[in-house]
Amino acid sequence: MEKAETPLQKVQANIVKACKIAHREPSEVTLIAVSKTHPAEAIEPLLREGQRHFGENRVQEAQGKWPALREAHPSVQLHLIGQLQSNKAEDAVALFDVIHSLDRPSLVKALAKAMDKLGKRVPCFVQVDVGEEDQKGGCPVAELPALLEQAQGADIPVAGLMCIPPFDIEPAPFFAFLDKLARDHGLDGRSMGMSGDYETAIRLGATHVRVGTALFGERGKPA
Ligand SMILES: *Cc1c(COP(=O)(O)O)cnc(C)c1O
């Protein structure tokens, strides 16, 4: 009898299928396992299966669980996918390998200062507010060119663009829009797609998909 597929194998197979439809190579897509709220015991099985890219949305939570996990798995790449306060910029630069939530001039300044201080350049995605929803963060589309220029001027490596489309609407047009914005600005990275829509995002050019629930199950409600 064949062994049951693990959630990771299932997501990886879906990524391969979506790539095939889009005439893309699976190696062009990085799967980020979003482990926010999940304890180390839930993360370890994925590490044993070979998953190496993980996403967290809170600096403090990541500081609590990742140093030990990383000691055992030094090739882990940690992605910060949540909104970042400027006063946490230095902690974020110290811990994370990629930041997906650069979205405002004050954060460019704080991150550049932290990178200079720590002697470490962390690639950043600029988060774009594609749905014009203030609460999710993200740079307004009209302010993107100036923000990109400022980031490049501050010697922050810009990996690409990131978006979180509105929850209740078909996401494809937002993914297509982010893809176009990235192309217009000559950027390679497109961080888009979550558990419910990563296959759609891949068909529309995602290079980084951020998948939590499909790998770890539902997150517990905050107490
Ligand atoms: C939580 C989160 C995800 C993962 O969401 P799922 O629906 O659980 O896959 C992706 N991106 C961001 C920015 C998140 O905060």
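Reading the values: the criteria
- Residues numbered from 1 in each chain as written.
- Predicted model: local features only at pLDDT ≥ 70, side-chain atom pairs only at ≥ 80, totals over all residues.
- Heavy atoms only, no water.
- Helix = DSSP H or I, 4+ residues; strand = E, 2+ residues; numbered from the N terminus.
- Contact = heavy atoms within 4.5 Å.
- Near = heavy atom within 4 Å.
- Polar contact = N/O pair within 3.5 Å; in protein donor to acceptor, adjacent residues only side chain to side chain.
- Areas by Shrake-Rupley, 256 points an atom, 1.4 Å probe, with all protein chains shown as cover.
- Nonpolar A, V, L, I, M, F, W, Y, C, P; charged D, E, K, R; others polar.
- UniProt positions renumbered as here; feature names shortened; annotations may be inferred.
- Buried < 20%, exposed > 50% of the residue type's maximum accessible area, 1.4 Å probe, protein only.
- Axes fitted to C-alpha atoms, helices over the stretch in contact; angles between N-to-C directions.
- Left-handed = near helix turned anticlockwise from the far one by under 90°.
- Pairing = 2+ DSSP bridges.
- Right-handed = clockwise from strand over helix to strand, strands pointing away.

Is there a simple way to explain the environment of Gln152 in this structure?
Along the polypeptide, Gln152 turns up in helix H6 (residues 144-153). Separated by 44 residues in the primary sequence, Gln152 and Val108 have C-alpha atoms spaced 9.5 Å apart. If near-sequence neighbours (up to four positions away) are discounted, Gln152 is found in contact with Val158 and Leu187.

When you look at the site of the ligand in this model, what are you seeing that I'm missing?
Taken together, Val34, Lys36, Ile81, Met162, Ile164, Met194, Ser195, Arg210, Val211, Gly212, Thr213 and Arg219 form the complete shell of residues around the ligand. One nitrogen or oxygen atom from the side chain of Lys36 is found 2.7 Å from an oxygen atom belonging to the ligand. Side-chain polar atom of Thr213 to an oxygen atom of the ligand: 2.5 Å apart, as the coordinates give it. Protein burial of the ligand: of its 390 Å² of free accessible surface, 88% is covered by the chains. Per-class residue counts for the shell around the ligand are six nonpolar, three polar and three charged.

Even after reading the chapter, I still don't get the UniProt feature "modified residue: N6-(pyridoxal phosphate)lysine" (unreviewed entry) in the chain, so can you show me in this structure?
The UniProt entry lists Lys36 under the feature "modified residue: N6-(pyridoxal phosphate)lysine" (unreviewed entry), expressed in the numbering used here. Inspection of the secondary structure puts Lys36 in the loop between strand E1 (30-34) and helix H2 (40-48). The exposure class of Lys36 is buried, given its relative accessible area of 19%. Apart from the residues lying within four places of it in its own chain, the contact partners of Lys36 are Gly55, Glu56, Asn57, Glu61, Lys65 and Arg219.

Explain the packing of H2 against helix H3 (residues 59-72) here, please?
Axes are the key here: two packed helices are described by the angle between their axes and the distance separating the axes. One way to put it is that H2 packs onto H3 with a least axis distance of 11 Å and a crossing angle of 35 degrees. Crossing of H2 against H3: the hand is right-handed. Residues Ala40, Ile43, Glu44 and Leu47 of H2 lie in contact with H3, whose contacting residues are Lys65, Trp66 and Leu69. Across the contact of H2 with H3, the residue classes tally to five nonpolar, no polar and two charged.

Explanation requested: the UniProt feature "domain: Alanine racemase N-terminal" (unreviewed entry) in the chain in the structure shown.
Mapped onto the present numbering, the UniProt feature "domain: Alanine racemase N-terminal" (unreviewed entry) falls on residues 8-218. Along residues 8-218 the backbone is 43% helical and 16% strand, and the end-to-end C-alpha distance reaches 15 Å.

For this particular structure, what's the right way to read the pairing of strand E5 (residues 124-127)?
The side chains of a regular strand alternate, residue by residue, between the two faces of the sheet. With burial as the criterion, each face of E5 is covered, one bearing Cys124 and Val126 and the other bearing Phe125 and Gln127. With two bridges joining them, strand E4 (residues 98-102) and E5 adopt parallel strand pairing. Note on E5: the bridge partner recorded for Leu102 is Val126. Taking the sense of rotation as the criterion, the β-α-β connection linking E4, helix H5 (residues 105-118) and E5 turns out right-handed. As judged from the four bridges shared by E5 and strand E6 (residues 158-162), these two strands associate in the parallel manner. What sits directly across from Gln127, in E6, is Met162. Chirality of the crossover, the property in question, places the unit of E5, H6 and E6 among those that are right-handed.

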